[in-house]
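Breakdown of the fold
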Amino acid sequence: MKKTIKIAISGALGKMGTSLIKESKNFKNIKLNLLILKKINKKNQKKLKKLIKIKKNNILIEDNIKKNKNFDILIDFTNPKNTMKNLKFCYNNNKKIIIGTTGLTEKHYIDMKKKSKKISILYSSNFSVGINLLLKLLEITTKNIGLESDIEISESHHRYKIDSPSGTALTLGKKIAKTLKKDFNNISNFEKNTKKYKRKKNEIGFNVIRAGEIIGNHSILFINKEEKIEIKHQAFSRKTFSKGAIKAAIWINNKKNGLFTMENVLKK
Ligand SMILES: NC(=O)c1ccc[n+]([C@@H]2O[C@H](COP(=O)([O-])OP(=O)(O)OC[C@H]3O[C@@H](n4cnc5c(N)ncnc54)[C@H](OP(=O)(O)O)[C@@H]3O)[C@@H](O)[C@H]2O)c1
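Structural notes on the sheet that holds strand S1 (residues 5-10)
- Across the sheet, which stays open at both edges, the seven strands sit in the order S3-S2-S1-S4-S5-S6-S12 with parallel pairing between neighbours. Only two strands of the sheet have a single neighbouring strand rather than two, namely strand S3 (60-62) and strand S12 (258-260). Here the average twist between neighbouring strands, direction ignored, is 20 degrees.
- Two strands pair when backbone bridges link them, and strand S5 (residues 96-99) and strand S6 (residues 120-123) are joined in this way by three bridges, in the parallel orientation.

Written out as structure tokens, the structure is:
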């Protein structure tokens, strides 16, 4: 019989935290053990009780990860500062971690890489199956017509999103740059809304919309003199991310150490 995997969720009452709690009910081999909130007060406890039966399911609630080590894998969709604090805790206590937080910097990636020598870390800017399949399509398209096309990445998200462009848009751009064997920092353009803008050769242009309650739309355009290809993805529900993150947690459970992405999970 398979061993039950004990899961902790940081930011349990956030948009993604809420979706993860709901989705966890669909997986038999995982058990929600620990929910971490920024603040434990009556209002938040009431919100949690509406989401899941806390007592019946024997779930612990803490306001700081340092107060409880009773889990195998932490799933974190919060903010870079909190995520890096949690990563340090996981490293010191030999716990695995799934990171969905975006807006991480190069320094954070270097830290993840170092810590992954001891623990298993899976980071993805987008846990949906669709975006990870789209990355494969993007590679084929870039190899074939990337150098002769003007490339534009556009993304739209809800009005509350803090980081811009989205982590996913950056992942898409980095995939294109790597396939073209070019330095992403040299060919990416985030500042096109200026009076003197003129497209450079092999530039990847980024376009951002923040409005309403949009969950996450991404589109990549390849346009040359003869034709246009548009590769698009639209997330209809956060379930696509939470389902992917839980699948990633199950996948990482038997990995002793290493830095993985969702592409590793879907390789089979
Ligand atoms: N990788 C993916 O597939 C994917 C998909 C969707 C979103 N994301 C990313 O995931 C992150 C969260 O997104 P979201 O839409 O869920 O945001 P959100 O609704 O703002 O949720 C973030 C949650 O983290 C909590 N939090 C902040 N500091 C904390 C701390 N020190 N301890 C415990 N909890 C803390 C917040 O609590 P308060 O509200 O009390 O501050 C909030 O409940 C963002 O970076 C977003 O871009 C990634």
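Here we look at unusual backbone geometry
- Omega for the bond connecting Ser164 with Pro165 falls within 30 degrees of zero, at -5 degrees, which places this linkage in the cis form.
- Here Pro165 shows up in the loop between strand S7 (150-157) and helix H6 (167-179).
- If you check the backbone angles, Asn94 has positive phi at about 55 degrees while not being a glycine.
- Within the fold, Asn94 resides in the loop between helix H3 (80-92) and S5.
- Residue Asn94 is classed as exposed on the basis of its C-beta count, with 12 C-beta atoms lying within 10 Å.
- For Lys181, which is not a glycine, the phi torsion comes out positive at approximately 60 degrees.

As for the domain arrangement of the chain
- For the chain, the assigned domains are domain 1 (5-127 + 238-265) and domain 2 (129-234).
- When each unit is reduced to the centre of its C-alpha atoms, the spacing between domain 1 and domain 2 is 28 Å.
- Facing nine residues of domain 1, the contacting portion of domain 2 comprises 13 residues.
- Breaking the side of domain 1 that touches domain 2 down by element, the ones donating at least two residues are helix H8 (239-252) and helix H9 (262-265).

What about the sheet that holds S7?
- If you trace the five strands from one edge of the open sheet to the other, you get S8-S9-S7-S10-S11, paired in mixed fashion. One side of each edge strand has no neighbouring strand; the edge strands of this open sheet are strand S8 (188-189) and strand S11 (228-234).
- Sheet topology places S7 next to strand S9 (residues 204-210); seven bridges connect them, and they run parallel. When the sheet's bridge partners are listed, Glu155 is paired in S9 with Val208.
- Against the sheet, helix H5 (residues 129-145) touches strand S10 (217-223) and S11, its axis set at about 165 degrees to S11.
- Against the sheet, H6 makes contact with S7, S8, S9 and S10, and its axis sits at roughly 165 degrees relative to S7, the strand it touches most.

Considering the site of the ligand
- Around the ligand, a shell composed of 23 residues is seen, among which Gly11, Gly14, Lys15, Met16 and Gly100 lie nearest.
- It is helix H1 (residues 15-24) that contributes the most residues to the shell around the ligand, three residues altogether.

A word on the environment of Gly11
- By secondary structure assignment, the location of Gly11 is in the loop between S1 and H1.
- Exposure remark for Gly11: the 24 C-beta atoms within 10 Å place this residue in the buried category.
- Contacts of Gly11, omitting those with residues within four sequence positions, involve Met16, Gly17, Asp76, Phe77 and Thr78.

Points about the packing of H1 against H8
- Remark: H1 packs on H8, axes separated minimally by 9 Å, with the N-to-C direction vectors making an angle of 65 degrees. Relative to H8, the crossing made by H1 is right-handed. Two secondary-structure elements touch here, H1 through Met16, Ser19, Leu20, Glu23 and Ser24 and H8 through Lys239, Phe241, Ser242, Lys243, Ala245 and Ile246.
- Of the residues assigned to the contact of H1 with H8, the class counts are five nonpolar, three polar and three charged.

Side note on the pairing of S9
- Where S8 lies against S9, two bridges are found, and the strand directions are parallel. The residue of S9 that forms the bridge with Ser188 is Ile204.

Looking at the packing of H3 against helix H4 (residues 106-115)
- Where H3 meets H4, the closest approach of the two axes is 11 Å, and the angle between their N-to-C directions is 15 degrees. Taken together, the axis directions place H3 and H4 in an arrangement best described as roughly parallel. The way H3 lies across H4 gives a crossing that is left-handed. Contacts between H3 and H4 involve Pro80, Met84, Leu87 and Tyr91 from the first element and His108, Asp111, Met112 and Lys115 from the second.
- Split into classes, the residues belonging to the contact of H3 with H4 amount to five nonpolar, one polar and two charged.

About the cut-offs
Residues numbered from 1 in each chain as written. Predicted model: local features only at pLDDT ≥ 70, side-chain atom pairs only at ≥ 80, totals over all residues. Pairing = 2+ DSSP bridges. Helix = DSSP H or I, 4+ residues; strand = E, 2+ residues; numbered from the N terminus. Axes fitted to C-alpha atoms, helices over the stretch in contact; angles between N-to-C directions. Buried ≥ 20, exposed ≤ 12 C-beta atoms within 10 Å, placed from the backbone. Domains from an automatic or database assignment. Contact = placed C-beta atoms within 7 Å. Near = placed C-beta within 6 Å. Left-handed = near helix turned anticlockwise from the far one by under 90°. Nonpolar A, V, L, I, M, F, W, Y, C, P; charged D, E, K, R; others polar. Parallel < 35°, antiparallel > 145°, perpendicular 65-115°, else oblique.

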